[in-house]
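A look at the structure
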Amino acid sequence: MTQKTSFIRGSGAYLPTRILTNEDLSKMVDTSDEWIRERTGIQQRHIAADDEVTSDLAAAAARDALKNAGISAEQVDLIVVATTTPDQTFPATATAVQAKLGIQGGAAFDVQAVCSGFLFALATADSMLKQGLFKTALVIGAETFTRILDWSDRGTCVLFGDGSGAVVLQADNGTKGEGVIAHHIRTDGTKNDLLYVDGGVSSTGTIGKVRMQGNQVFKHAVTNISSAIQHVLNDTGHTVEDIDWFVPHQANQRILNGVARKMGLDESKVVSTVALHGNTSAASIPLALHTAVSDGRIKSGDLVLSEAMGGGFSWGASLFRL
């Protein structure tokens, strides 16, 4: 059987209506707009409504992606949702999305790799489509991350927001260098204590809150991400100069700048949405991708490089041509 190629047919996004600015945060915790901007580049973030759950955000982004791809929900036979903030312990949030989209048949499941989740989900769906297990997939990153924040901890609560992004992947015949080209994903479980949630089903029986040693995370982020990017470039025979657009995980503007500088990436090719969205964890890459596609920066045929690092530690990079 000839191996297929996965193509990104369309992207979509959803951001909750409520916006929390740095000025708003300064009234809740000991911080300021200047302090947050200087250290993170973030100006505001979106907050899910009380009656919104992660699958609501995911389904909205999925509908947008399907519309932009010109593909009906009935054609979808695989849904992979990357999330750290599921609706319930089980079943998977992807099954709720499947039901909300009216999709029957196929498979739906979640992937948990925190901020790297979308790349892990993309690699998973890409592999399944290439092997012929499915034909059309929705790959979604969705988070209600603010539900696990300690709003008294200014080191974490200023960073994160809620949102969702999605892409439609479809298997088809293709040649080398088309569609989704390569991935490099890794984890290092010995670094769990640097970025984690202090609760869980089998440990405390509670949801818990995010805890992070920011300086240590920053140090590892630039090194690990740069390594993953170099692996993908080496594996595909591409160079940094070949990249049309760099769509990184939107963690912190300083990390984005650090990686671009270390890799020699032209800053004009870096898509940054962190100022308006904050860190939306698994949703940040598809949100940034959709933003740049929608405003006309990223066009059909462009070579796009994405990267991320999250708790676990998990990290990775993906290369694809739209």
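As a starting point, this report considers the structure included with it. (Residues numbered from 1 in each chain as written. Predicted model: local features only at pLDDT ≥ 70, side-chain atom pairs only at ≥ 80, totals over all residues. Heavy atoms only, no water.)

Once that is clear, we can look at the pairing of strand 1 (residues 5-14). Along strand 1, 7 of the 10 residues are buried, which leaves the element largely enclosed by surrounding structure. Alignment of strand 1 against strand 7 (residues 163-172), held across 9 bridges, turns out to be antiparallel. Counterpart to Ser11 in the pairing with strand 7 is Val167. (Buried < 20%, exposed > 50% of the residue type's maximum accessible area, 1.4 Å probe, protein only. Helix = DSSP H or I, 4+ residues; strand = E, 2+ residues; numbered from the N terminus. Pairing = 2+ DSSP bridges.)

All right, on to the layout of surface pockets then. Taken as a whole, the second largest pocket holds about 240 Å³ of empty space. Residue lining of the second largest pocket: 14 residues in total, with Thr175, Lys176, Gly177, Glu178 and Ile181 positioned closest to the centre. Sorting the residues of the lining of the second largest pocket by element identifies strand 8 (180-187) and helix 7 (214-236) as the ones contributing at least two each. Its residues placed into classes, the lining of the second largest pocket shows 2 nonpolar, 7 polar and 5 charged. (1 Å grid on protein atoms, 1.4 Å probe; cavity = no way out; pocket = protein on both sides within 12 Å on 5 of 7 lines; lining within 4 Å. Points joined across faces, edges and corners; volume = space filled by probe spheres on them. Nonpolar A, V, L, I, M, F, W, Y, C, P; charged D, E, K, R; others polar.)

Moving on: the packing of helix 7 against helix 8 (residues 253-263). For any two helices packed against each other, one specifies the crossing angle of their axes together with the interaxial distance. Contact geometry for helix 7 and helix 8: axes closest at 9 Å, N-to-C directions at 45°. By the angle between their directions, the pair helix 7 and helix 8 is classed as oblique. The hand of the helix 7/helix 8 crossing is right-handed. For the pair helix 7 and helix 8, the contacting residues are Phe218, Ala221, Val222, Ile225, Ser226, Ile229 and Gln230 in the first and Arg254, Ile255, Gly258, Val259, Lys262 and Met263 in the second. Among the residues forming the contact of helix 7 with helix 8, the class breakdown is 8 nonpolar, 3 polar and 2 charged. (Axes fitted to C-alpha atoms, helices over the stretch in contact; angles between N-to-C directions. Parallel < 35°, antiparallel > 145°, perpendicular 65-115°, else oblique. Left-handed = near helix turned anticlockwise from the far one by under 90°. Contact = heavy atoms within 4.5 Å.)

A few words now on the sheet that holds strand 13 (residues 314-321). An order of 8-13-12-11 is seen for the 4 strands of this open sheet, with the pairing classed as mixed. A strand with exactly one partner marks an edge of an open sheet, and here the two such strands are strand 8 and strand 11 (245-248). Each strand of the sheet is rotated relative to its neighbour by a mean of 10°, with strand direction disregarded. In terms of strand pairing, strand 11 meets strand 12 (residues 303-310) through 4 bridges, oriented parallel.

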